[in-house]
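Observations on chain architecture
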Amino acid sequence: MRLSVNGRDYDVDVEPEMPLLWVLRDELGITGPKYGCGIAQCGACTVHMGEVPVRSCSLRVGDVNGAIITIEGLGTPASMHAVQAAWVEHQVAQCGYCQSGQIMAAAALLAAQPNPSDEQIDAAMSANLCRCGTYPRIRLAVKTAAAKLKAA
Amino acid sequence: MANIAHVARVARRTFLIGTAVVAGGIAIGYVAYKRDPKNPLLDELRDGQSTLNPYVLIDSTGVTLITPRADLGQGAMSVQAALLAEEMDLAWGQFRTDPGPPAAAYYNGKIAAEGLPITATSDGFFARVGREMSEVIGKLMGLQLTGGSSTVADAFDRLRVAGAVARQLLLAAAAQQSGVPLAQLETRDGAVILPDGKTLPYSTLAATAATLNPPANVTLKPSEQWRLLGKPMQRLDIVAKSTGTAVYGIDLRFPGMVYATVRANPRLGGGIASFDAREAEKSKGVIKVVPLPNGFGVLANNTWRAFQASALVKPVWGAAPYPASSGALFASVAASFTADCRDSTLRNDGDVEAALSAPGAKTLQAEYRVPYLAHAPLEPMNAVVQLKDGRLDIWTGTQIPRFVVTAAAKLSGLHEKNIHLHAQISGGSFGRRLEDDYVQQSVLLAVAHPGVPIKMTWTREEDMTHDFPRPLGIARMRGAVQARQVHAYELSIASPSVTTSQMSRLGKSIPGPDVTIVAGAWDQPFAIPNYRVTGYRAPPTVPVSSWRSVGASGNGFLHECFLDELIHAAGADPLTERLRLCTHDPSKRVLQAVGDMAGWAAPLPKGRGRGLAYTLSFGVPAAEVVEVTMTAQGIRIDKVFVACEVGKVIDPVNFEAQVMGGVVWGLGHAINCELTYADGVPQQTNFNAYEGLRLYQTPQIIVKALQTTSDVKGIGEPAVPPAAPALANAIFAATGQRIRELPLNKHINFV
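Criteria and thresholds
Residues numbered from 1 in each chain as written. Chains lettered and ligands numbered in written order. Predicted model: local features only at pLDDT ≥ 70, side-chain atom pairs only at ≥ 80, totals over all residues. Helix = DSSP H or I, 4+ residues; strand = E, 2+ residues; numbered from the N terminus. Buried ≥ 20, exposed ≤ 12 C-beta atoms within 10 Å, placed from the backbone. Contact = placed C-beta atoms within 7 Å. Rg over C-alpha atoms; globule rule 2.2 N^0.38 Å. Domains from an automatic or database assignment. Nonpolar A, V, L, I, M, F, W, Y, C, P; charged D, E, K, R; others polar. Pairing = 2+ DSSP bridges. Axes fitted to C-alpha atoms, helices over the stretch in contact; angles between N-to-C directions. Core = buried A, V, L, I, M, F, W, Y, C linked by C-beta atoms within 7 Å. pLDDT = per-residue confidence, 0-100. Parallel < 35°, antiparallel > 145°, perpendicular 65-115°, else oblique. Left-handed = near helix turned anticlockwise from the far one by under 90°.

1. Here's the deal with the overall build of chain A
For chain A, the helix and strand inventory stands at six helices and five strands. Counting from the amino terminus, chain A carries its helices and strands in the arrangement β-β-α-β-β-β-α-α-α-α-α. Each principal axis of the C-alpha atoms in chain A carries an extent, and together these give about 40 × 30 × 25 Å. In chain A, which comprises 152 residues, the proportion classed as buried is 57%. Considering only intrachain contacts with a sequence separation of at least 6, the fraction spanning at least 24 residues in chain A is 61%.

2. Looking at the overall build of chain B
Helix and strand counts for chain B come out as 20 helices and 27 strands. Taking 27 Å as the expected radius of gyration for a compact globule of 751 residues, we find that chain B reaches 27 Å, a close match to that expectation. Taken across its 751 residues, chain B has 58% of its residues classed as buried. Pairs at least 24 residues apart make up 78% of the contacts formed inside chain B by residues separated by at least 6 positions.

3. Here's the deal with the domain arrangement of chain B
Residues and elements named next belong to chain B. The domain architecture assigned to chain B consists of domain 1 (2-224), domain 2 (249-320 + 381-457) and domain 3 (336-374 + 468-746). Centre-to-centre, using C-alpha coordinates, domain 2 lies 37 Å away from domain 3. Grouping the amino acids of the side of domain 2 that touches domain 3 by side-chain chemistry returns seven nonpolar, three polar and two charged.

4. Some details on the sheet that holds strand β6 (residues 191-193) of chain B
All names here are of chain B. Taken in spatial order, the three strands make up an open sheet running β5-β6-β7, and their pairing is antiparallel. Since the sheet does not close on itself, it has two edges, and those belong to β5 (186-188) and β7 (199-201), each with one partner. Within this sheet the neighbouring strands show an average axis-to-axis angle of 30°, counted without direction. Of the strand pairs in this sheet, β6 and β7 are connected by three bridges, and their pairing is antiparallel. Opposite Ala-191, over in β7, you have Pro-201 as the bridge partner.

5. Concerning the sheet that holds strand β16 (residues 391-396) of chain B
Residue and element names in this part refer to chain B. Spatially, the seven strands line up as an open sheet ordered β10-β11-β8-β18-β15-β16-β17, and their pairing is mixed. Each having just a single partner strand, β10 (286-292) and β17 (419-423) make up the two edges of the open sheet. Ignoring which end each strand starts from, the neighbouring axes of this sheet average 20° apart. Here three bridges tie strand β8 (residues 258-264) to strand β18 (residues 454-457), and the two strands are oriented parallel to one another. In the strand pairing of β18, Tyr-259 is matched with Lys-455.

6. What to know about the nonpolar core
Residue and element names in this part refer to chain B. One finds Val-642, Cys-644 and Leu-727 to be the most contacted residues of the largest nonpolar core, which totals 280 residues. If you tally residues by element for this core, the top one is helix α5 (residues 151-178), at 16 residues. Setting aside chain neighbours within four positions, we find Val-642 in contact with Val-594, Ala-622, Glu-624, Val-659, Val-663, Ile-701, Val-703, Lys-704 and Ala-719.

7. A short note on the domain arrangement of chain A
All names here are of chain A. Assigned domains within chain A: domain 1 (2-73) and domain 2 (75-151). Of the residues lining the interface, 15 residues belong to domain 1; the matching set on domain 2 comes to 13 residues. Within the residue set of the side of domain 1 that touches domain 2, elements represented by two or more residues are β3 (46-49) and β4 (52-55). No other element matches β3, which puts three residues into the side of domain 1 that touches domain 2. Residue composition of the side of domain 1 that touches domain 2, by class: eight nonpolar, five polar and two charged.

8. Things to note about the interface of chain B and chain A
By convention, interface size is frequently given as the accessible area that disappears when the constituent parts associate. Across the contact, 49 residues belong to chain B and 49 residues belong to chain A. Contributing elements (two or more residues each) for the side of chain B that touches chain A: α7 (238-242), α9 (303-312) and α19 (652-672) of chain B. The element best represented in the side of chain B that touches chain A is α19(B), accounting for seven residues. Its residues placed into classes, the side of chain B that touches chain A shows 22 nonpolar, 18 polar and nine charged.

9. As for the confidence of the model for chain B
All names here are of chain B. Scored by pLDDT, chain B has a mean of 93; 95% of the residues are at 70 or more. Below pLDDT 50 for its whole length, residues 1-32 participates in 34 contacts with residues either more than four positions away or in separate chains. Two numbers describe this predicted complex: its pTM, 0.95, and its ipTM, 0.99.

10. Overview of the packing of helix α4 (residues 99-112) of chain A against helix α6 (residues 135-151) of chain A
All names here are of chain A. Where α4 meets α6, the closest approach of the two axes is 11 Å, and the angle between their N-to-C directions is 40°. When the axis of α4 is compared with that of α6, the two are oblique. At the point where α4 passes α6, the crossing takes the right-handed sense. For the pair α4 and α6, contact is made by Gln-102, Ala-106 and Leu-110 and by Ile-138, Val-142, Ala-145, Ala-146 and Leu-149, respectively. By residue class, the composition of the contact of α4 with α6 is seven nonpolar, one polar and no charged.

11. Quick notes on unusual backbone geometry
All names here are of chain B. The step from Leu-742 to Pro-743 runs through a cis peptide bond, and the omega angle for that step is 0°. Topologically, Pro-743 is positioned in the segment after α20 (723-735). In the Ramachandran plot, Asp-89 falls in the positive-phi region, its phi being about 55° despite a non-glycine side chain. By the element assignment, Asp-89 lies in the loop between α3 (76-88) and β4 (96-98).

12. Digging into the environment of Glu656(B)
Residue and element names in this part refer to chain B. Relative to the elements of secondary structure, Glu-656 occurs in helix α19. The buried category is assigned to Glu-656, around which 21 C-beta atoms lie within 10 Å. The sequence separation of Glu-656 and Val-703 amounts to 47 residues, and the corresponding C-alpha distance is 6.7 Å.

13. Structural notes on the pairing of strand β21 (residues 530-538) of chain B
All names here are of chain B. Counted residue by residue, β21 has nine buried out of nine residues, so it is predominantly covered. Burial along β21 is two-sided: the face carrying Asn-530, Arg-532, Thr-534, Tyr-536 and Ala-538 and the face carrying Tyr-531, Val-533, Gly-535 and Arg-537 are both buried. Pairing analysis gives five bridges linking strand β13 (residues 342-349) to β21, with the strands arranged antiparallel. If you follow Arg-342 over to β21, its bridge partner there is Tyr-536. The pairing of strand β20 (residues 485-496) with β21 spans nine bridges and is classified as parallel. Within β21, the position partnered with Ser-495 by the bridge is Arg-537.

14. Topic: the packing of helix α3 (residues 82-89) of chain A against α4(A)
All names here are of chain A. Two elements in contact, α3 and α4, have axes whose closest approach is 9 Å; the angle formed by their N-to-C orientations is 130°. Judged on the interaxial angle alone, α4 and α3 are oblique. Where α3 crosses over α4, the two elements pack in a sense that is right-handed. Residues Val-83, Gln-84 and Trp-87 of α3 pack against Gln-99, Ile-103, Ala-106, Ala-107 and Leu-110 of α4.

15. Some words on the pairing of β4(A)
Residue and element names in this part refer to chain A. Examined bridge by bridge, β3 and β4 share four bridges and lie antiparallel to one another. Opposite Thr-46, over in β4, you have Arg-55 as the bridge partner. Where β3 folds back on β4, the antiparallel hairpin that results is connected by two residues, among which Gly-50 adopts a positive phi of roughly 65°.

Structure representation (structure tokens):
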């Protein structure tokens, strides 16, 4: 099976039922996407398939039909995506475990909707749980990222 | 001016410096207390490395600061480094950090005081002695523990002194190496500056510095000279945590590593009679199935394959060793309001019975309930272990590293010196990692399958059903009002003992009453003329543990909601009456501040309401006002105002984050979380049934730190207890509906 992840092609030899998350983490060593619930309730495993945010814990690898981008492919410490830079600016993360998923959800939102309303931000970001309660800063960071992307 | 005295006190108390044992110490315990714990960094010092004290390691590439309190998300790593870097004159980020090895030198001198019946508002002789004893107990036990909102309070003096001592040694080394008198030397950005402007980086001075005697006294910077402390700092981990490059225990990968999961009896302590693993063993990728005392582990070549195979094992579990249903568990608590179960009456002012039975007294009574709650940090419990050539390595996130090593030694038969614990950052904890059950299971897997690294990961379902939850509780209240004032308040709380349950798993027994049963209730600074708080110790049932803000997590709700009922019955204003009753000036200021922030005096339109609650916990008074709107679809939480007093705020960015996070934690669980039991098993197995707050429900949260006292206190927990009662009181204000049970969504909808 051939997978495109972060612009690189991989051949993986796994059963098609294996969730994409575990192919990424245990087979390819890409550990930015996190395991939190396994049933698409927490969003910590969020990656992009094409332009769309997907919960990789609940997507069979056999059903992948587009290029996958994980948090590692969005930007790097030396070259951060605008959303990541906004997350740093507002110091959103506490434990940080959910933030890969939060950032991928926010990046997908802003790619589809560069000027999201408060309601659109709430709707798009409410599939991602944060047990530490960083939501107030997530709201601020999404707005900052939107402004940065528009200015770019 | 208080500075000199403060320095002297620091030097007496901290014992970082190599002081001689007091001659002919009165008792062994006293001598042991006075003796400095050994610097654990000396044991593993490599060529070219020097250590100046347990917190500072220097080699040719620079400085490593040791930050032994676990970073669970609360920013402990950054703030510990900041305390050291401030006094060492290191530029922010101009160093590495390391959690260090588990060691007695990293004892917690504050945590034991939480278990003592001393109010935070008391400054009497016994209170002061008690707090001093906490330092003694912590040191004698070598109690390295992260919890009780103690990290900043415990580290504030100790780490600054460690940094200052290191700086003095480096200065002395520079004087020796350069021949320039010490008085002419300065330090800046990790180097000693000579009068001619030449710089000597600490890395070139450390080897000499390590041979010198530490100074007998150091002077700490006055706060006006702080470069880092009290100012916004970028968390050291923030870039990594924003780019997916932070490595948690669950992310570790080693050559030859295998993957594992564990399933144990969800009836905790019920044991396993037998299991049939034939189908699982044939499952793709499975290496072996290992029996464990309460279940089994599955080793495979991929975590998901281990999960899949573990579901194929057919276990025969034992019955729950406690009442098997929520109804029976609550009944066990309800039956505990007896003289036999009475555990403490730490407050008993006036004459409650007389006040309640006085002719013409206007009385009311109520019963309240709080449920079991899971910690459910987002990173499920996990550990990487390897047993090879007589050496056991453990990589995991834990709040109790020395207990982990002790347990691992017992299970593996190895000496503690052959056990190496590598502390990892944690994806949340909220008290969960004060338990080491998941590490013990992993160690047993390593014993059964030595030679290779094993990464053991629990499924979310395993995590939810094998927590040691916050216990359930029932409160019975009676009260009387007269002349528009609260005249009598009797609060009786029955709950199983967290302290007994948790300490028994650490091999300790704590005598006396369990203060956590009444924490956040008995110790509130209100001069109600007739005021009694009694704790009843319900029989041990489900094993329980410390959950963010521990006893106060439920008791804040119990105390503050019925106080609100009494105030309303008296026809008084919730803020004015609390201010009238309050005997503690910082608490009064906190109440006044939150009232001002919320515009308490200005009325709200019909259908909206404000609720106030106040809890003193972990020495921190915190008051919150919640504003809600009753919509056609249910309650919407609009705003939360929080005022608290921690004294000096050391790390303002994390301070605000912890307060907001505490509010979200308190509100989310109050709205929709509980663990219920059927057949001895928790019925909520994942986040679909245990949601907490999501972003769309999150109110605007406005935070204020008063900074009007000279204390330094922790804020990881104190914002939690007032959130639930402030919300319930707001719902009453908006709707007239008084809800006396959590979670609130059993009685009202939320939008």
